[in-house]
Amino acid sequence: MKKSIFFSVLLLLPLTGMAASYTIDPQHTYPNFTISHLGFSTLHGRFGKTRGTLTMDRAKGTGSVDIVIDVASVDTGFKKRDDHLRSPDFFNAVEFPEITFKSTKVTYRGKGATVQGDLTIKGVTRPISLDVKSINCGVHPFSKKQVCGFDATARLKRSDFGIKYALPAVGDEVNLELEVEASKN
Amino acid sequence: MQTLLDNPAFQAAGAPFVSTLLLALVLRRFWPAGMGLAITAGFLLAAALIAGLNLQPLTSTRKIILSSVVLPLLVLVMGFFPRMRGADLWRWLPTVLLTAAAMWILWPVLQRQEGGAVILAATPVLLYTVVLSAGFVALASRQAPVDQAFNSVAAALLTLGLASGAVSLIAASALYSQLAFAVAASCGAMIVVGMLGSKGHWDACALHAASMPVILLAGAATVYAQLPELVLLCLALVPLFVVLPLPRPSRPWPQLIVMCLWSAVPVLPALWLAWRAAGPVSF
């Protein structure tokens, strides 16, 4: 009896060490941003289309985040402004159709984590750090799939990515907030 | 000082006008054949203020700026060789170089297309580039009195710069419009210098080379911004309207003004098309 339990545990050991991989749910993953508009108010916007993958292995303290954002899906609630954001003045969506984030290091802190990685906008890559307050995992009540989700925040300067139009009237500092949900593969 | 340098009107008009004026006055004294480069220098200063001179990554906008500086220099250097100046190739060299530059600028979009879609994507811009550049070649090569030849090219360049800037501002990209206005401002300064003294030493090809930025900008705006392609058709007619056998005064300044007015005729439908495409404007 003890031998059979022992061998069962041995067989299971490799499985407990494997990272779980997830595919991002594009209908519940949205990068949002805010920026100062002429010092009068804060403009809110988001990107409506994303795709990507996550891996998590809390036991080993490793993980990865790989997100691709469709630049043309930018939405600030006003089409004329959205068209301007897609133009060469800002994102130049025709030439650079995607914004990407690839993590380089994930550090778990209690329920949350810090995700360091490379953000590429308009052909320029800069390191940024995403602050994740809480990673929440469970079984989705409808799909019955294992789902993990989190909110991540970061701050960056658009001028670091070569987006300098209308500085300083339109702010340089951009606050990012990513709402992410992913289902287990 | 920083407030002045950040001012869009100073970047697109004041700086290129003053710098071109000063450089052209110096070149006229010491190197008349190189006077056309003063426009290129004015454009380069404006580009440095508007977009910076960092070439990495090499975006389409930076390719436009780079082409607009390198190609006129290339044309000028090749013009130093007597055999080159006599050859038909030299007259058409700016057009060939410009067309190659337009392909290079559009390449990020073209390489994503497949089969016939590449031709569809590239044809309007390349046709516009060839036709407009050929128009400037024809203007610069005309057998006409020096004053009239200078006025023809200058009027076409000034009108095209202002028109490209206006349509870009209305319907495409404020950045492109600033760069186009910078060429117009530099051309304006060249006109002032030309009117102040003899035009015997001005180089038609150098002035034609100065038209390269505005040709590249309007073409790129139809691909990277949302400028309607029909606008290119209107802008391509600007050199033609300059040479139409229409009434014009014989004195230089009134002649130049009338030529500018005639060359602005095809610009009116271009502005209307851009306005219609842009829709309501709000900040």
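Because the structure is a prediction, the values reported are computed rather than measured.

### Remarks on the overall build of chain B
Link 1 in the chain: Tallying secondary structure elements over chain B gives 15 helices and 0 strands in all.
Link 2 in the chain: Here chain B holds 283 residues, and 50% of them are scored as buried.
Link 3 in the chain: In chain B, the proportion of contacts linking residues at least 24 apart, taken out of those at least 6 apart, comes to 78%.

### A look at the overall build of chain A
Link 1 in the chain: Broken down by element type, chain A carries 2 helices and 12 strands.
Link 2 in the chain: Helices and strands appear in chain A in the N-to-C order α-β-β-β-β-β-β-α-β-β-β-β-β-β.
Link 3 in the chain: Over its C-alpha atoms, taken along the principal directions, chain A stretches across nearly 75 × 30 × 30 Å.
Link 4 in the chain: Residue burial in chain A is summarised as follows: out of 185 residues, 25% are buried.
Link 5 in the chain: For chain A, long-range pairs separated by at least 24 residues make up 53% of all intrachain contacts whose partners lie at least 6 apart in sequence.

### As for the confidence of the model for chain A
Link 1 in the chain: Predicted confidence across chain A gives a mean pLDDT of 89, with 90% of residues reaching 70 or more.
Link 2 in the chain: Here residues 5-17 of chain A is modelled with pLDDT under 50, and outside its nearest four sequence neighbours on either side it reaches 3 contacts, counting other chains as well.

### Re the interface of chain A and chain B
Link 1 in the chain: Taken together, the contact pairs 12 residues of chain A with 17 residues of chain B.
Link 2 in the chain: Its residues assigned to classes, the side of chain A that touches chain B shows 4 nonpolar, 3 polar and 5 charged.

### Here's the deal with the pairing of strand 10 (residues 136-139) of chain A
All names here are of chain A.
Link 1 in the chain: In the sheet, strand 10 pairs with strand 11 (residues 146-157) via 4 bridges, with the strands oriented antiparallel. In the sheet register, V139 faces strand 11, and the bridge partner there is Q146.
Link 2 in the chain: Hairpin connection between strand 10 and strand 11: a loop of 6 residues separates the two successive antiparallel strands, and K144 in this loop has a positive phi of roughly 65 degrees.

### Thoughts on unusual backbone geometry
Link 1 in the chain: Cis peptide bonds are those with omega within 30 degrees of zero, and the linkage from L167 of chain A to P168 of chain A qualifies with -5 degrees.
Link 2 in the chain: For P168 of chain A, the location among the structural elements is in the loop between strand 11 and strand 12 (170-184).
Link 3 in the chain: The omega angle of the peptide bond from Q56 of chain B to P57 of chain B is -10 degrees, so this bond is cis rather than trans.
Link 4 in the chain: Mapped onto the fold, P57 of chain B is located in the loop between helix 3 (37-50) and helix 4 (60-79).
Link 5 in the chain: A positive phi angle, near 60 degrees, is found at L38 of chain A, a position not held by glycine.

### Section: the environment of G61 of chain A
All names here are of chain A.
Link 1 in the chain: Structurally, the position occupied by G61 is in the loop between strand 4 (50-57) and strand 5 (62-70).
Link 2 in the chain: For G61, a count of 10 C-beta atoms within 10 Å translates into the label exposed.
Link 3 in the chain: Sequence-wise, G61 and I163 are 102 residues apart; in three dimensions their C-alpha atoms are separated by 35 Å.

### Overview of the packing of helix 3 of chain B against helix 4 of chain B
Residues and elements named next belong to chain B.
Link 1 in the chain: One way to put it is that helix 3 packs onto helix 4 with a least axis distance of 10 Å and a crossing angle of 160 degrees. As summarised for this structure, helix 3 and helix 4 are arranged roughly antiparallel, according to the angle between their axes. Both helix 3 and helix 4 take part in a crossing whose hand is left-handed. Together, L37, T40, F43, L44 and A47 of helix 3 and I65, S68, V69, P72 and L76 of helix 4 make up the contact between the two elements.

### Describing the packing of helix 4 of chain B against helix 11 (residues 212-224) of chain B
Residues and elements named next belong to chain B.
Link 1 in the chain: One can describe the packing of helix 4 onto helix 11 by two numbers: an axis separation of 9 Å at closest approach and a directional angle of 160 degrees. Comparing their axes, helix 11 and helix 4 come out roughly antiparallel. Here the hand of the crossing between helix 4 and helix 11 comes out right-handed. Across the interface between the two elements, S60, I64, S67, S68, L71 and P72 from helix 4 touch M212, P213, L216, L217, A220 and Y224 from helix 11.
Link 2 in the chain: Residue classes in the contact of helix 4 with helix 11 are distributed as 9 nonpolar, 3 polar and no charged.

### Let's talk about the environment of F136 of chain B
Link 1 in the chain: Relative to the assigned elements, F136 of chain B resides in helix 7 (residues 116-141).
Link 2 in the chain: Distance in space between the C-alpha atoms of F136 of chain B and P94 of chain B is 9.7 Å, their sequence separation being 42 residues.

### With respect to helix 15 (residues 267-278) of chain B
All names here are of chain B.
Link 1 in the chain: Its 12 residues place the ends of helix 15 16 Å apart at the C-alpha level, agreeing with the 16 Å of an ideal helix rising 1.5 Å per residue.
Link 2 in the chain: Among the residues of helix 15, those classed as buried are V267, A270, L273 and A274. All buried residues of helix 15 project into a common sector of 120 degrees when viewed along the axis, lining one side. In helix 15, those exposed residues whose orientation departs by more than 90 degrees from the buried face are L268 and R276.
Link 3 in the chain: At the exit of helix 15 stands G279, carrying a positive phi of roughly 75 degrees.

### Points about helix 11 of chain B
Link 1 in the chain: An ideal rise of 1.5 Å per residue puts 18 Å on 13 residues; helix 11 of chain B measures up with 18 Å between its terminal C-alpha atoms.
Link 2 in the chain: Burial within helix 11 of chain B is extensive, with 13 of its 13 residues counted as buried.

How each quantity is defined
Residues numbered from 1 in each chain as written. Chains lettered and ligands numbered in written order. Predicted model: local features only at pLDDT ≥ 70, side-chain atom pairs only at ≥ 80, totals over all residues. Helix = DSSP H or I, 4+ residues; strand = E, 2+ residues; numbered from the N terminus. Buried ≥ 20, exposed ≤ 12 C-beta atoms within 10 Å, placed from the backbone. Contact = placed C-beta atoms within 7 Å. pLDDT = per-residue confidence, 0-100. Nonpolar A, V, L, I, M, F, W, Y, C, P; charged D, E, K, R; others polar. Pairing = 2+ DSSP bridges. Axes fitted to C-alpha atoms, helices over the stretch in contact; angles between N-to-C directions. Parallel < 35°, antiparallel > 145°, perpendicular 65-115°, else oblique. Left-handed = near helix turned anticlockwise from the far one by under 90°. Expected span 1.5 Å × (residues − 1). Arc of directions from axis to C-beta.

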